[in-house]
Structure formats: C-alpha cells, structure tokens
Protein chains: 2
Amino acid sequence: MVRKMVPYDGNSAVAHVAHATNEVIAIYPITPSSGMGEIADAKSANGEKNIWGTVPVVVELQSEGGASGTVHGALTTGALTTTFTASQGLLLMIPNMYKIAGELCPAVFHIAARSIACQALSIFGDHSDVMTARTTGWGMLASGSVQEAMDFALISQAATLEARVPFLHFFEGFRVSHEIQKIEELTFEDMRSMIDIKLIRAHRLRGLSPDRPELRGTSQNPDVFFQGRESVNKYYNDCAGIVQKTMDRFVQLTGRQYKLFDYIGAPDAENVIVIMGSGGETVHETIEYLNAKGEKFGVMKVRLYRPFDVKAFASVLPDTVKRIAVLDRTKEPGSLGEPLYEDIRIAVGEAMEQGLIKLNRYPLIIGGRYGLGSCEFTPAMTKGVLDNLAKDNPKNHFTIGIEDDVTHTSLKYDSSFSAEKDVYRAMFYGLGSDGTVGANKNSIKIIAEKTDNYAQGYFVYDSKKAGAVTVSHLRFGKKTIRSPYLVSKANFLACHNFTFLEKYDMLKYIIDGGIFLLTSEHDKNTVWKNLPAKVQKQITDKKLKFYVIDAVKIASELGLGTRINTIMQTAFFLISDILPKETAVSAIKESIKKTYGKKGEKVVNMNTLAVDATADNIQKVEVPASFKGQIVEKPVVAANAPDFI
Amino acid sequence: MVRKMVPYDGNSAVAHVAHATNEVIAIYPITPSSGMGEIADAKSANGEKNIWGTVPVVVELQSEGGASGTVHGALTTGALTTTFTASQGLLLMIPNMYKIAGELCPAVFHIAARSIACQALSIFGDHSDVMTARTTGWGMLASGSVQEAMDFALISQAATLEARVPFLHFFEGFRVSHEIQKIEELTFEDMRSMIDIKLIRAHRLRGLSPDRPELRGTSQNPDVFFQGRESVNKYYNDCAGIVQKTMDRFVQLTGRQYKLFDYIGAPDAENVIVIMGSGGETVHETIEYLNAKGEKFGVMKVRLYRPFDVKAFASVLPDTVKRIAVLDRTKEPGSLGEPLYEDIRIAVGEAMEQGLIKLNRYPLIIGGRYGLGSCEFTPAMTKGVLDNLAKDNPKNHFTIGIEDDVTHTSLKYDSSFSAEKDVYRAMFYGLGSDGTVGANKNSIKIIAEKTDNYAQGYFVYDSKKAGAVTVSHLRFGKKTIRSPYLVSKANFLACHNFTFLEKYDMLKYIIDGGIFLLTSEHDKNTVWKNLPAKVQKQITDKKLKFYVIDAVKIASELGLGTRINTIMQTAFFLISDILPKETAVSAIKESIKKTYGKKGEKVVNMNTLAVDATADNIQKVEVPASFKGQIVEKPVVAANAPDFI
C-alpha cells in the first residue's frame, strides 16, 4: 500500500489516530495538549467518521477531573474512549486513573507531557506529569518523534484492548506536540488491520448493562481488598508481551519495527545512555555521528516504561556494557534519584540475579536530569554526558544543559559541538502575527510534496505572543531528521523586521558562507551603512551571502498591508536553491489559490503579484571584504533610568 | 517536667499538636483523617488557643483541592498553616503540593494514610496515597504508633520551619489513626521549646506584603525554568540533617530518641527487614521475641522517607547484613518493584559505591507487599517473611497475608505463631450502638489512670455500622505495646449478644483456660444446653472459665433500655482481675458521674445501681469435663433458597 507522506505536528498526528479509533472523546484544554482536543472536536463537528463509520461524540467537561470521570463512565458502558491532557490536567485525572486501571478498562490517554508548576509555572515540555502518574498502574508508552506519536497512538490503542491495561501514550509537549515533520500517514485500512474487532466486542460485553446485571465499584473491607488488588497481576504479567506482539504486527504493515527497548549503536558498546522520549533521537543522532568517527557508544531508547519488562530490557543491553548514564527529564527533590535512573539500576541488578545478562560485575550506573521545561537538549550536551561517563570518577545525579554554580550538579560541555550532517537548516525571525510561521509551514508543505526530502519545522513564540518575535526553525534533508532541538547552525537566516538587528544577536546562529536575507527600506547600496556595526562585522567575518528586499513597501503597494509573508517566502525559495526556482514559484502560486481562494480573487491576485514582485526586487548586497569600524554596545539600562529599573 | 499519661488515638494525638502550632487550618473531611479536622474545628469553636495564645482559624473548603489551595495561599502570606487528609483527598492536593514545595513554603500535612480506590474502594489503611505524592518534593515522615504520631507531628512542624521543605507526616489510617494507646502527652511548654520563634519570624517576613512588593508564581520559559527548578537543591541537601537535629533536641525534652532510620535487633544481624509505619512495630515485637530465643535478626524502621539520606541509612545498617527483605504497604502494578524496595536497593548500591558501608558483596535484597487496605500484618506473617528470606532461593516480589493462588506471589506462614508476651488481651463482641465501644474506651481510661499499665484499644466496626457487630480489641501490659494488629489470642472474651454465638466463631480467638463472659437470658443452670454444640465443644476443649449474666434483663429493669454497657464493663472488671475489684468498682462509679452527670441524677443513679446489680448477678457456669454431642453446621444457603441467592 502506498501511504502519503504528509507534514504533521505531534498533536495532529495523534488526533488523526485517536479520533479514528474511538467513540467517546472527553476533553478539557490544557497547553500543549489542546491541539489534540481541538482537532478531534473539529473533526466530529465536520462529521468526520471513525474507522467503523460513526462520528465520535466529543464532549468538553468542566475540568480534567470531569473529563477523566467521563472517560471512566463511558469505558464502563463498553465504549471506546479517550482523552488528551498534560501537566496539572493529568494530575487531576489520577484518582480516576486508579479506578480505570483497577477495573481493567482498556483506554489510551494521549499526553503532551509538560512540566508541573513548582517555583514557577512552565507551559513547556518534560516528563514530570507522566512520572507523577506512574504509580497508577497504567501502561506508559513514550514516543520520541512525530512519526512515532502517530504509530504509538495506534499501537497503544490496539494493545490496550488485548491487555486490558490502560495506557498513557506520551510525547514531549512543545517539542513533539508542536514540531512539524513530514511523516508517513497511517490509513484507516492500517487502523482496521491493527485493531481486533473481537476485542472490541469483548470490551462491549464487559460493559455494564441492565441485560447483564453486575455489581461494580464496591467498597471492600480488609478481609478481601488486598486479594482483589492482586487479582490484576496476570494482566500486568502479560502486558509487555502483548505490546511487543502488537509492534510486531505493526512492522508487517508499515515496515517500521519498534521494540519495548530499542538499542542503537555499537553491538559491543561499553558506554551506553538510557533515555526516553525525543531526547532519544538526539542521542541516536549524536552516537551515530561519533560512532562513524570510530567510537563505540550505544543508546537504549525506552519505549514501554510501564509495565517495565526486565527480560526485554536485558535482551537488548550489550553484554559488553560497563558504564550506563540514565537521563531523566523530570526532577523529584528528596528522592535518591529520578525514576528512570532508579528503574535501570534495579533492572540491571535483577537481570544479573536472574542470569538474564552476563556481566562480570555490576556496571557503573549514573543518572542525570536534562531538558526540564523544554530546556534544550542537544548533541553537544549528549557529548558532555558521554565525556562525564568516561571519566575515572563520573559525576552522579548531574544536570546537563544549565550551569549550576550553587550546588554544582551541572556537567560542562562544549556547546560548539554539532552532530548534524547533510541537513539544510533555516531560521526566520518574524514579528508575531506577520504571517512568517504560516508561510514557513506552507514552505514545509511545498518541500514535502515537491521533493523526497524529509522536513522539520519548529516555531518559538515569545510568551508575549502577538507583536513579539517568533523564530522559525526549519530543517530539510534526505534522511530522517533526528534533531528535536533548535537550529543553531543555520545555512539560511532571514530577518523579517529590520529593528530586530538591534535587539537580537541572530547572526551568531548562521554558518560561515551562509545566506542572510533582510527586509529593509534601504536598498543594496544604502543598507550597509545602516546596519549595526556588530552585524556588519558578523557578515564580513562569516563571509555571508547577503540579500535585501523591501518587503514592507511591496506589500503596502500591493494592498497587503503588513502581511509580508508571501514575499519573504518567495525570497527564501528564490535564493536558497532548495527547489528549482520555477517549481517553487509555481508551487507558491498554487498554494496561494488554496489558501486565499475563499477570500476572493482579489486577495489571490495581490499575493500572486507579490510573488512576481519579489523576483524583481530582491537584491544582492556587495559585502566589503573586511569589517572596519568599532562596535559600541548599547548599555542594557540607560544611564538616566530611575533606580526601580 | 512530669507529663500526663493519657489515652489518645492517633488522630486526636496529632490534632493536639497541629491545633496548638498553627494559625490557619483548612479542612475537608475524608475517612480516616476526618477526626483531626473535627477535633481542630471543635477546639477553635471552643476558643482553645494555640501555644502563642491565638485561636487558629479553621475553615472547611469545598474539596481537598480548595483546602490545599487555601493552605498555599495562607502560607504565602506568612501564616502557619496545616491540613489533614487521606487517599483521594491527598491526590487532589498534589498540584498545590508541587507549588508549595517549589516555593519552599514550610508546612506539615498530617495524613491518615489510606488505600486508593482501584478495583474497589477501601476506606482502610496503607501507603498508596502518600506514595503517589512522593514525586512532589515534600519531606515524608512516617509514624508507627500513637506516641510517635504525636511526637512526629511536633518534630515535623519544628523541622519544616528550619528546612523550608514542607512535610507529609503520615501514619496508617484505621490503625494508628483510630488505635487508642496510653501515651505521654506533649505539653504546650514542650511545643514552645521545640519551635524556634526566629524561624516563624523569618517565615512571616517571606510572606507577600504590600510593604515588601515581590513577584511570585511567575511563568518561566525554557531559558530559565530548569535553573529555577535546581535552585531548591541546597534546601533538600540540608533537610535530613535538620530533621535529625530536631529529633536530637526532642530527646533532651522527652527522653524519646528517634533517628531518620531506627535499627533494632542484633548488631551483627545477617537478615534484616526494612519497613515503614506501624508494621515496623510488629516486626520489632517479632524480632525481639525471636532474638530472645537465640536468633539474630534486625529491623530497620524508616522514619524519614524523603529526603532519603543514604548516609544516615548506611550508618545504621549492620556491616554483617547479607539478606534484606523490604516490605511495602502499597502496590504499583507494572513497576519493577514497589517504591521502598527500589529505594533500598539503590541506597545499598550507592552506599557501597561511596564506601559508606563495608560489605563484601551486594546483599540479596527482595521486596514484598503487605497490609493493603488494612489487611492484617502480624508476627506470624513477619516470621513468614523471615523464613522466606533465609531460603536458598527466596521469593522476590512476594505478598504476605493473603493467599494468591493465581499468580502465586504469596508466602506461606504459620498463622498460629505469636510473639506476644506478658500482655493481657481482651475481646468484646458488641452490637453496634449498644455502648460496648464507649465502655471499652472508658475501661482503657480507668486502667490508664489507676495503674502503670500501658493500654491499647482498637475497634472493628462492621461496614454496615449501627446494628451490626463491633469487636473491641484491648491489650494491657507493663511494657510499650507494639501490636498494631487484632487480638487473636484473647485472655478474656465477652459476647454481648447471645445470637452472635450462632453467627461468629469467636471462641477460636480465646486461649486455653481463658475467661468467657456471655450475656444470656439463661442462667448458669440452663445456659449450657442452649449453647450451640460447637461452642460447647470449644468451651470444654479449651477449659474456659465461663460466666453468664442477664445484662439485658438488669438493664431493662433499671430503666436503661438496651444499654448494657455499664453492666458488661463492670462484669469484665469483676472477673478479669485486671484491677482489684474495689478499685475498679469505685473507678467505674466515678466515671459514671463524669459521663452521665450532665444527663441528671436519675441517669447517674440507674448506672450506679447497674454496677451493684452486676456484682450480684454474675454467675460462674459449671463446665462439663468433656464435650458430648454432635456439631451440625447450618448450611450457608438454605436448601429451599431461590436460585438468585
């Protein structure tokens, strides 16, 4: 079967499967999971059907407590039911989660995993929320990429029906949830193949019904409660095997093989990193890069965190391992160590005791925290973790990615290290609401459709939202892109607002010889002397190819107001050589018809004219061979500012 | 200073301290913690003051979510604030708990730890609730007895103010919360000595105030959130030391020495049990008994579970240890093992790596579950755990106290084993609302006041409450009573309702030669032939001393209606020899005046007459030397019952 390659973000990838494989969807919005609920709601509002031909009921409750209670109730009647949440929302679901698992109701909750408000609120991603729910008896399946998010949404839905253990399917909020990747879209046919109708019938028959009266939700006294609590054991004993079996059926359909624990790297690695979620992609990329240079590292990606299968873990851990660094994307103050670290130590210990792995001695195992609240986790940091691991006395309970100059937990690392190869990287500094993000999403779509490139897009919004800077990070390449972190070595960088040059040091992110595109009222002859001295120096030092266009003027003249997106998008294609110029121009015009068709011919024409005007007005600036002048940094606080500032 | 010895249950012991050391108390009732809130509310309603002379504000919220939010808000203004909860109530507090800990607000929540509703609801005790909250960054201090509950309520309140880490102070619901023990009552002077007024002033000055404007509760982006999260580290690094220092100040006052980890048993033990909460008392009692017979066991009671202090742990673990059994009173399906088991494995491993303990090799460490939903945990079960631990291939991930004939996790044990010595044990089968429990509480009070005996009372209510059976379990002895489990080898057993003899096999709980008191309309001459054959056999086989009294008739004649409590209480003292008869009779009469004084002279007189009538009417029954006859068990279901039954 030929499947479509389509750009998806994680939320829409999951919603694609969740809406198609459920009947009742109870929602309550919380960033960054809201997209899943919104999409599901919109699909049902549009009459979109699930794979069995019915339109799922989507109902918004008064809180996550109500949403989870509704899920529990619907499951108890035998309906296929799901919800989406994150952070404090998931915490409010915990009481119902104990009930749902205790009563062995099959269900999947899709979680855009987010940090929990502590010293401050953070809407960004880490594993604090799902780790708090790890006591509830739910299966926990971690996706590390947008493709995996779609795949695991289906695998977990198929597995829960057989296992009767409910699942948290989770992926990092504001990375996987919002990162756009070109992925292979699962079809309804795929979903029908994976989900066994007999298991749905069994779920239906377990539903409460006046035709089959049965008592549920009783109160049990000390004489029987413990026994009842243990009666779930066999389901948990079987669960991991069922998930692997489901993954093995999935590979038959799609060719994508997943394991409960995926080991990548040298078969005879001595130093191994264990990690869960999108950070695993970063480590994967880094280790491939380093191993190509002769190193022998390995990474174990934990897919199924609960139930934790010691045998499956032991079966992929190389017998040669001597040192393991376990990375946790959560923090539990006062604990001995974070949960994955603890579990890996126990798993290695129990596997050795049971003879499941042959190691001469218990390996050195250390743990560290990374990426809390979407703190960047890069190949450079991965290298820092590997360097620490190789030391005589490696630091345990470390942090990576920050500088802790108080309790000295942090590891040093060389931030200039990069593991990216053969990937085109572009950055766009836009003004909130100027259309930059939309244009970039459109560019990804064009590249996804017109080339066999993989594509990735990630958009960083200032928390002040509209009117502030938004930075788009795009990557294109022939191979799967395993870089769930911001672009820092751009081949192409565009500045969509001249005044940003004063405020943001953006050119530190561009590589030598890269392309720099600037919208400017100054033309190629006058722009240079209007640039800040520091920018002049960066352009000359890095020998950048420097282009200007007065996008604001063109937009204004064509009646587009401040919407310079079409012009800047066209300029990107014209000077970046990602696509042949003609292909790009016709693709942009095609998409203008699709995007603005509803708004009438006039708007379509204005934008089409903008494309043509761009080609006529883009100018290459002659860059001096070297920088002459002096950089004067403006003081952060004006000399005459009042004390309060 | 001479302190009073007073019978307290855990809830009232904690409320005594919590009300005296706080200013704002936000409550919402949930079994079995409600008593704490009720007592605090009543104290403030009566104008009782805290140790600083103000009456705490007690406010009942709409749910535990609101109670915890109120605590957070009050703490943020610099008020001393607490709450009480359990089970799902605690789960609803988790979001606010992250905030309170993240902002380093000193506070203690007192938890009557209870199981969480899963396959069924249970109002009974285990550690599932507090273990779910272990991710939040709160300190966790476990009390194992009523005395400890009072002591640790004060220690945690004193420690949190210095450490700024908030604490969960927890103790098993429906054991410690409701068990009555004669304990040494802490005075307001004790509390004032323990709580440093300078620390309260510092807490006040950290409070938000228009006089000292300051921003709190911000939203942090990926550039700083992780750094902020790590900024709490030094408080957690210092916390355990502060708790130990507080415990060391406490011993100066009271003579009761506590450690973060208390090790009891052979200094050269090879086999050690690690446990937390009241189960530690059972293991303590069992190991003392077995070691007196020449064994060399040890038990480590975990007091401060979070922050977990590896050094303190290692400092009390004997270097001789070869095998450790860790007992968890919670279940986390899908995990590798329950949390205390995991932590102890990590703690031993890290302590060895850091050279904190000198062991030749990593000891064998196994884990098991016990006591879920107040399932009994007895010396017999402890012995079963120790027997398993000594085996060549001890079972790991076991259960104790149930029979798991499906997944075979359970350990076998000899249920006839007992470790109790020199303790007088009494059981009373009463009808709900017949006054039996009240009379027994009164008996404990009399014994506590008139003798130097320690006393324990625990009351098992049928979940149908009024009108069903209630069984009182009383113990008296010269030494501290470490038996947080039901009486099963009674020296004295009273049946306050003749028909119970048919329904309950109560005499299996009485020892040979014990005293059996029955209320009966049949006198000493006619009662025998009216007894069920099985009861006749038990009485003769066990050579019981058998007494009857027609308490119902006496009560009725005196105008007491169905309230036979005074009569049965008097009968207990007259035939049990716990106290000299005259002392007992005058003490009962004295307490009648106190109890019924408000109801008028007539009621006092009726009850006083009942005491005298009891002495005149109690009859010893001549018991045949041996049982002759045949026991015919009634079928559980009548032969002519309809199919539905």
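Residues numbered from 1 in each chain as written. Chains lettered and ligands numbered in written order. Predicted model: local features only at pLDDT ≥ 70, side-chain atom pairs only at ≥ 80, totals over all residues. Heavy atoms only, no water.

Participant: Whenever I open this one, the pairing of strand 16 (residues 423–431) of chain A confuses me. Can you help?
Facilitator: Every regular strand shows the same layout, with side chains that alternate between the two sheet faces. All names here are of chain A. Taken across its nine residues, strand 16 has eight buried, putting it largely inside the fold. As paired elements, strand 16 and strand 18 (residues 469–477) share nine bridges and run antiparallel to each other. Directly across from Y424, in strand 18, lies its bridge partner F476. Across four bridges, strand 16 lies against strand 19 (residues 490–495) in parallel orientation. When the sheet's bridge partners are listed, M427 is paired in strand 19 with L493. (Buried < 20%, exposed > 50% of the residue type's maximum accessible area, 1.4 Å probe, protein only. Helix = DSSP H or I, 4+ residues; strand = E, 2+ residues; numbered from the N terminus. Pairing = 2+ DSSP bridges.)

Participant: Got a minute to help me understand the interface of chain B and chain A in this structure?
Facilitator: For interface size, the figure often reported is the accessible area lost on association. Every contact between the two is made by 78 residues of chain B and, on the other side, 78 residues of chain A. Between chain B and chain A, roughly 6800 Å² of surface is buried when both sides are summed, and carbon and sulfur atoms account for 61% of that area. For chain B, the biggest contributors to the area lost against chain A are B:Q119, B:F226 and B:L336; these three give 12% of the whole. Along the contact surface separating chain B from chain A lie six salt bridges. Here chain B and chain A share 29 residue pairs in polar contact (both at pLDDT 80 or more) between them. If you list the elements that add at least two residues to the side of chain B that touches chain A, you get helix 4 (87–102), helix 5 (128–132), helix 9 (225–230), helix 10 (233–254), helix 13 (339–353), strand 14 (364–370) and strand 15 (398–400) of chain B. Element by element, the count of residues in the side of chain B that touches chain A is highest for helix 13 of chain B, at nine residues. Residues that form the side of chain B that touches chain A fall into these classes: 32 nonpolar, 29 polar and 17 charged. (Contact = heavy atoms within 4.5 Å. Buried area = accessible area lost by both parts, 1.4 Å probe. Salt bridge = Lys/Arg side-chain N within 4 Å of Asp/Glu carboxyl O. Polar contact = N/O pair within 3.5 Å; in protein donor to acceptor, adjacent residues only side chain to side chain. Nonpolar A, V, L, I, M, F, W, Y, C, P; charged D, E, K, R; others polar.)

Participant: When you look at the pattern of salt bridges in this model, what are you seeing that I'm missing?
Facilitator: Pairs can form between side chains of opposite charge whenever their charged atoms are close. A full pass over the atoms with the stated rule returns 69 salt bridges over all chains. In this structure, B:R256 engages B:D151 in a salt bridge whose closest nitrogen and oxygen atoms are separated by 2.6 Å. Separated by 105 residues along the polypeptide, B:R256 in the loop between helix 10 and strand 9 (261–265) and B:D151 in helix 6 (residues 146–163) bring together distant segments of the chain. On the basis of relative accessibility, which here comes to 0%, the residue B:D151 falls in the buried class. The salt bridge involving B:E214 is made with B:R216; its shortest N-O contact spans 2.9 Å. Each of A:R3, A:D151, A:E184, A:D190 and A:R256 takes part in salt bridges that share partners, so that together they form one network.

Participant: Would you take a moment to explain the sheet that holds strand 16 (residues 423–431) of chain B for this structure?
Facilitator: Within a sheet, adjacent strands bond to each other through the backbone by hydrogen bonds, running parallel or antiparallel. Residue and element names in this part refer to chain B. Read across the sheet, nine strands follow the order 1-8-17-18-16-19-20-21-22 without closing on themselves; strand pairing throughout is mixed. Two strands bound the open sheet, and with one partner strand each, they are strand 1 (5–9) and strand 22 (619–620). Pairing of strand 8 (residues 180–184) with strand 17 (residues 454–461) involves two bridges; the strand directions are antiparallel. Its bridge partner being in strand 17, I180 is matched across the sheet by G457.

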